[in-house]
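This is what each chain is made of:
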Amino acid sequence: MIHKVEADHAGRALSIETGRFAEQASGSVTMRCGDTILLVTVTGAKPREGIDFFPLSVDVEEKYYAVGRIPGGYLRREGRPSDDCVLAARLCDRPLRPLFPKDYRNEVQVIITILSSDQENATDVMGIVGASAALCISDIPFGGPVGAVRVGRINGEFVINPLLSQFEESDLDLVIAGTKDAVMMVEAEAGQLPETEMLAALERGQEALQETIAMQEELISQVSKEKHEYVPHGPPDDLVAQVQERVADQVAAAFGRPDKAEREEQLAAITSDTVAALGEEHGQGHVADAVQSAVKKHVRNEILHEGKRPDGRGPGEIRPLSAEVGVLPRTHGTGLFQRGQTQALSITTLGSIGDAQPLYGLEIADSKPFIHHYNFPPFSTGEVGRLGSPRRREIGHGRLAERAVAQVLPSQEEFPYTIRVVSEVLSSNGSTSMASTCGSSLALMDAGVPIAAPVGGIAMGLVMGDEGEYAILTDIQGIEDALGDMDFKVAGTTKGVTALQMDIKVSGITFAIMEQALAQARDARLEVLNVMAEAIAEPRTELSDYAPKLVSLKINPEKIGDVIGPGGKIIRKIQEETESKIDIDDDGTIVVTGDSKEGVDKAVETIRNMTTELEVGAIFTGTVSRIMNAGVFVNLPDGRREGLVRMSELAEDYVERAEDIADIGDEVMVMVIEIDYQGRVNLSRRAVLEGTHPSERPQSSRGDRGGDRGGDRGRGPSDRRGPPRGGRGPRRYDRERAPAGAERERGRDRGSDQAGDREASQSDGDGESSGGSGRKW
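In this text the structure is predicted, and so the values were computed from the model without any measurement.

**Observations concerning the overall build of the protein chain**
Here is step 1: The helix and strand inventory of the protein chain stands at 16 helices and 29 strands.
Here is step 2: The burial tally for the protein chain puts 50% of its 777 residues in the buried class.
Here is step 3: A separation threshold of at least 6 residues defines the contact pool for the protein chain, and within that pool the share at least 24 residues apart is 70%.

**Focus on the packing of aromatic side chains**
What describes a pair of aromatic rings is the distance from one ring centre to the other and the angle between the planes of the rings.
Here is step 1: Taken as a whole, this structure holds 7 aromatic pairs when the rule is applied.
Here is step 2: When the centroid spacing of 4.7 Å and the interplanar angle of 35° are considered together, the rings of F415 and Y417 count as tilted.
Here is step 3: The class for Y417 is buried, based on a relative accessible area of 6%.
Here is step 4: Three or more aromatic residues link up through ring pairs in this structure, and these residues are F54, F100, Y104, F142 and Y230.

**Quick word on the environment of D562**
Here is step 1: For D562, the position within the fold is in helix α12 (residues 560–564).
Here is step 2: Look past the residues within four positions of D562 in its chain and what remains in contact with it is I570, M610 and R640.

**Quick word on the packing of helix α5 (residues 237–254) against helix α6 (residues 260–282)**
Here is step 1: Across the interface, α5 lies against α6 with an axial gap of 10 Å and an inter-helix angle of 155°. As the angle between them shows, α5 and α6 are arranged roughly antiparallel. With respect to the hand of their crossing, α5 and α6 are arranged in right-handed fashion. Mapping the contact onto sequence places L239, Q242, V243, R246, V247, Q250, V251, A253 and A254 in α5 and R263, Q266, L267, I270, D273, T274, A277, L278 and H282 in α6.
Here is step 2: Its residues assigned to classes, the contact of α5 with α6 comprises 10 nonpolar, 5 polar and 3 charged.

**So, the sheet that holds strand β7 (residues 147–154)**
Here is step 1: Judged by pairing direction, the sheet is antiparallel, and its 8 strands sit side by side in the order β8-β7-β9-β10-β21-β20-β18-β19 without closing on themselves. Both outer strands of the open sheet, β8 (157–160) and β19 (470–474), are each paired with one neighbouring strand and no more. Along the sheet, successive strands turn relative to each other by an average axial angle of 15°, direction set aside.
Here is step 2: Judged from the 7 bridges that link them, strand β9 (residues 170–178) and strand β10 (residues 183–193) form a sheet pairing that is antiparallel. Bridged to V175 within β10 is E187.
Here is step 3: Helix α3 (residues 195–208) contacts β7, β8, β9, β10 and β21 (497–504) of the sheet and is inclined by roughly 50° relative to β9.
Here is step 4: Contacting β18 (456–464) and β19, helix α7 (residues 284–306) runs over the sheet at an angle of about 95° to β18.

**Digging into the pattern of salt bridges**
Here is step 1: This structure, assessed with the given rule, holds 37 salt bridges.
Here is step 2: D660 serves as the salt-bridge partner of R657, at 3.6 Å between the closest nitrogen and oxygen.
Here is step 3: Using a relative accessible area of 16% as the deciding quantity, one classes R657 as buried.
Here is step 4: Where salt bridges share partners, they join R94, D124, R150, D173, E187, E189, R403 and D503 into one cluster.

**Brief notes about the side chain of H332**
Here is step 1: Mapped onto the secondary structure, H332 falls in the loop between β11 (321–325) and β12 (333–339).
Here is step 2: A polar side-chain atom of H332 sits 2.9 Å from the main-chain amide nitrogen of L350.
Here is step 3: At 3.0 Å, the side chain of H332 and the backbone oxygen of Y546 are in polar contact.
Here is step 4: Discounting residues that sit within four places of it in the chain, H332 has contacts with T348, T349, L350, D446, A447, S544, Y546, A547 and P548.

**Examining the sheet that holds strand β16 (residues 370–375)**
Here is step 1: As summarised here, the arrangement of the 5 strands in space is β11-β12-β13-β17-β16, forming an open sheet in which the pairing is mixed. If you trace the sheet from one side to the other, it starts and ends with β11 and β16, each paired once. Taken pair by pair, the neighbouring strands of this sheet meet at an average axis angle of 15°, ignoring direction.
Here is step 2: Note: strand β13 (residues 342–351) against strand β17 (residues 418–427), 9 bridges, orientation antiparallel. Bridge pairing in β17 links S346 to S423.
Here is step 3: Its contacts with the sheet place helix α11 (residues 511–535) against β11 and β12, and it is angled at close to 35° to β11.

Here is what the cut-offs are and how they apply
- Residues numbered from 1 in each chain as written.
- Predicted model: local features only at pLDDT ≥ 70, side-chain atom pairs only at ≥ 80, totals over all residues.
- Heavy atoms only, no water.
- Helix = DSSP H or I, 4+ residues; strand = E, 2+ residues; numbered from the N terminus.
- Buried < 20%, exposed > 50% of the residue type's maximum accessible area, 1.4 Å probe, protein only.
- Contact = heavy atoms within 4.5 Å.
- Phe/Tyr/Trp six-rings, centres within 6.5 Å; stacked < 30°, edge-to-face > 60°.
- Axes fitted to C-alpha atoms, helices over the stretch in contact; angles between N-to-C directions.
- Parallel < 35°, antiparallel > 145°, perpendicular 65-115°, else oblique.
- Left-handed = near helix turned anticlockwise from the far one by under 90°.
- Nonpolar A, V, L, I, M, F, W, Y, C, P; charged D, E, K, R; others polar.
- Pairing = 2+ DSSP bridges.
- Salt bridge = Lys/Arg side-chain N within 4 Å of Asp/Glu carboxyl O.
- Polar contact = N/O pair within 3.5 Å; in protein donor to acceptor, adjacent residues only side chain to side chain.

So this is what it looks like as structure tokens:
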């Protein structure tokens, strides 16, 4: 039987339906908003033997048929999940996991399949609501329902679940999930918003998500299954008390060691001895869990009642900080950031626009010009492990740092490079993602990227007591993350917040706690930024000598085809000859990138010559392509047409033969003196030598002095006659008006008068030269 709940949510119809699809799953629902439809299924299984954790898995499946496309690749089917799928799965996992029973070890799988997408309604938030609804109507024990919304801010006003097309107008992208009473999860990026605005956005989001909870409660009242019984996992209470009494003093002594490696070694020895003594009677797994319970109790009591953390710090203290830039000599920019035993080395690499990361999936955008990659090798924790493709955690941590830094990057128009930052975690003891954020800012400034402001980050923790008491911790380390109740990462500038991420292990936290945590995080962030400023206060004014050279220019979009050429022939030729890379946008923006400044400049000059509209009076250097009786033809800058230099415009004096002035292949500096109604271009070398346009010459010197004396007779052969009677009289050569190189042309022209005895064999029968010297005049 089909059951459906509908509501007007954020100004659009939202529906949750069950009973139509996937009847054999433990629970399944179909979520719909607009033309975006998700199928969300949950399935449970019995626990695997020997497992000591809750095996919850969440997967998001993008289907290309959802947007009417066929996947690429040889197989023409979907492959590994995109990064956005991985991030959406993590986003869904985080608010659900704390609401399962703590001693539950049965395997649970959540699968979110995107069946249809209108590319306007975001699927990640719908997936959270759908997963919660499917779990609530299934037989799997779950403490939901959980609601979720996205909050944007457009023109200073909060907008619930903005359309994807509205994101460019929003300076906030916040996803919040929670129950009726408390916040469970937060993920956000913001344009340096003050903490007060962020808190207001969280309150608005918590209020709006109640509508999705009400919809789930209505569905639960119509259809739900009885929750199945399960075998609790964990040591008996009497064993926990026995182990607590046995190891309490040893655990306290271990936590007197501030060094992480030494402390973990001593705790491992305590666990091993206790298991050897009690394992045979109570079971090794139960004994090991009881020791862990004693460790957790000690750490939490010390923090709550003594104000003392495992390494001796107070709740608001930060570990020792250091920052350094310019660590690696051949990279474009590097930043080394260290906080206690957490160390991250970030490296910036600049590339052309064509190096931007292509996005394969259901996204609207097709490329990403800023990329941050986060690597977490096993040696960073002193362990042996596999190397290979990044895991979900690495993708999530890398994207968090990317979102934090992206808010201060220059626009593509201001800085048309593709930017890749790689953060290598060299040592880990808490909050490596925030260390990567700090290292990335340092590396970007060291590379000369004009960021608006440095970005720093800090991780906040929380320990809550049984009677409502709590302690907020600044700069949590690994053990405080593992044994505490919250991991709240805050990144931003001195002006405001650029990214947030909050995960909790309890059933929710209040806004009072969040307000205090944000204020405490701001104080810590400013301290971090001060240390970073000691290493480098602002971006370098020049790029690294090893960074690619880049020039951006704008052409008429109608000329793009001229630059590309048939089948890309022309653009490939330019790239090969100049050893550069050329990227062209549809709006006519061209970016030329290369390792050599000379090559880039040559490519730019070639493109400008090809695309610049010729005007009367323009001067350029062209190559002689043909010699006729009427004069010589010179290639125009566009490389596709020719212009004619008539005999009378070859030199200041009478020219008997064109070959006396130029051969095929010679480069000559000429001026455009006429573009006729048919688009034919007439050129003049004489005008360059004189520094004046023909129309500015004295009347007595405007007549033809040789070659085509009959005026404009077209471009065929002309009469060859001697110089006009009486000569042409003196003319003045204006050096200041003549362009650079004209004096050299004039001097060489005088020498050509004395070299009139060239061999006639250079011309064939129809008056066209058959060879050339390749000179530059």
